Amino acid sequence: MSFEIVKRESADFGGLVLPRTELSSSAHATDLMKFTRERVRQRGVEELATVYVAVPDLGWTAVVGYRCVDLAHLAIGDVLVRVPAGYFAKFTPDGRSSDPIEDVWIQAELAEKEGRIERAYAEELEVFRAPNNVELFISLA
């Protein structure tokens, strides 16, 4: 497992909401998540992003969509979520799984379990730049 600590500037993302999403290596494989990602891809979005937002007493909400440069870029009916600036552990696939999304989440879970990172459990971000190119940004305490 390898990851790097990076500082990210704040960024806005627009997209479709999936409330009460489980945050785990298998969350991306649910039928609803697959369906939602496909709907966003059909809009011509090339760099698909999923932002996971902690909601007190409800768990996690996912926003599946795209980087939003400004409000004019936000599609009608989509929500806007901001990932604040901060330090993140950045994971990329290393071959732990044939599924690159599952791969990065397994690494993040293992890094936390081993005490290599201390998660803030704030906004967390998956970015897909190609079918097999994914980056996972885990917010750090």
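Residues numbered from 1 in each chain as written. Predicted model: local features only at pLDDT ≥ 70, side-chain atom pairs only at ≥ 80, totals over all residues. Heavy atoms only, no water.

### Remarks on the nonpolar core
In summary, soluble globular proteins display a tendency toward joint burial of nonpolar side chains. Tyr 52, Phe 91, Trp 105, Ile 117, Leu 136 and Ile 138 are the most contacted members of the largest nonpolar core, which totals 25 residues. Among the elements of the structure, helix H1 (31-41), strand E3 (48-55), strand E4 (59-67), strand E6 (86-91), helix H2 (100-113) and strand E8 (133-139) are those that each provide at least two residues to this core. At five residues, H2 tops the list of elements feeding residues into this core. The contacts of Leu 136, once residues within four sequence positions are left out, are Ala 89, Lys 90, Phe 91, Val 104, Trp 105, Ala 108, Leu 125 and Glu 126. (Core = buried A, V, L, I, M, F, W, Y, C linked by side-chain atoms within 4.5 Å. Buried < 20%, exposed > 50% of the residue type's maximum accessible area, 1.4 Å probe, protein only. Helix = DSSP H or I, 4+ residues; strand = E, 2+ residues; numbered from the N terminus. Contact = heavy atoms within 4.5 Å.)

### Some details on unusual backbone geometry
Phi angles above zero are rare outside glycine, and Arg 20 is one such case at about 50 degrees. Mapped onto the elements, Arg 20 comes out in strand E2 (residues 11-21).

### Section: the pattern of salt bridges
Counting across every chain of the model gives nine salt bridges. In this structure, Arg 43 engages Asp 78 in a salt bridge whose closest nitrogen and oxygen atoms are separated by 2.5 Å. Note that Arg 43 is positioned in the loop between H1 and E3 and Asp 78 in the loop between E4 and strand E5 (79-83), a separation of 35 residues in sequence. Residue Arg 43 is classed as partly exposed on the basis of its relative accessible area of 40%. (Salt bridge = Lys/Arg side-chain N within 4 Å of Asp/Glu carboxyl O.)

### Concerning H2
For H2, built from 14 residues, the straight-helix expectation of 20 Å at 1.5 Å per residue is met to within 8% by its first-to-last C-alpha distance of 20 Å. The set of residues buried in H2 consists of Pro 100, Ile 101, Asp 103, Val 104, Trp 105, Gln 107, Ala 108 and Ala 111. With a side-chain oxygen lying 2.9 Å from the backbone nitrogen of Ile 101, the N-terminal cap of H2 falls on Asp 99. Following H2 by one or two positions, Gly 115 adopts a phi angle in the positive range, close to 80 degrees. (Expected span 1.5 Å × (residues − 1). Polar contact = N/O pair within 3.5 Å; in protein donor to acceptor, adjacent residues only side chain to side chain.)

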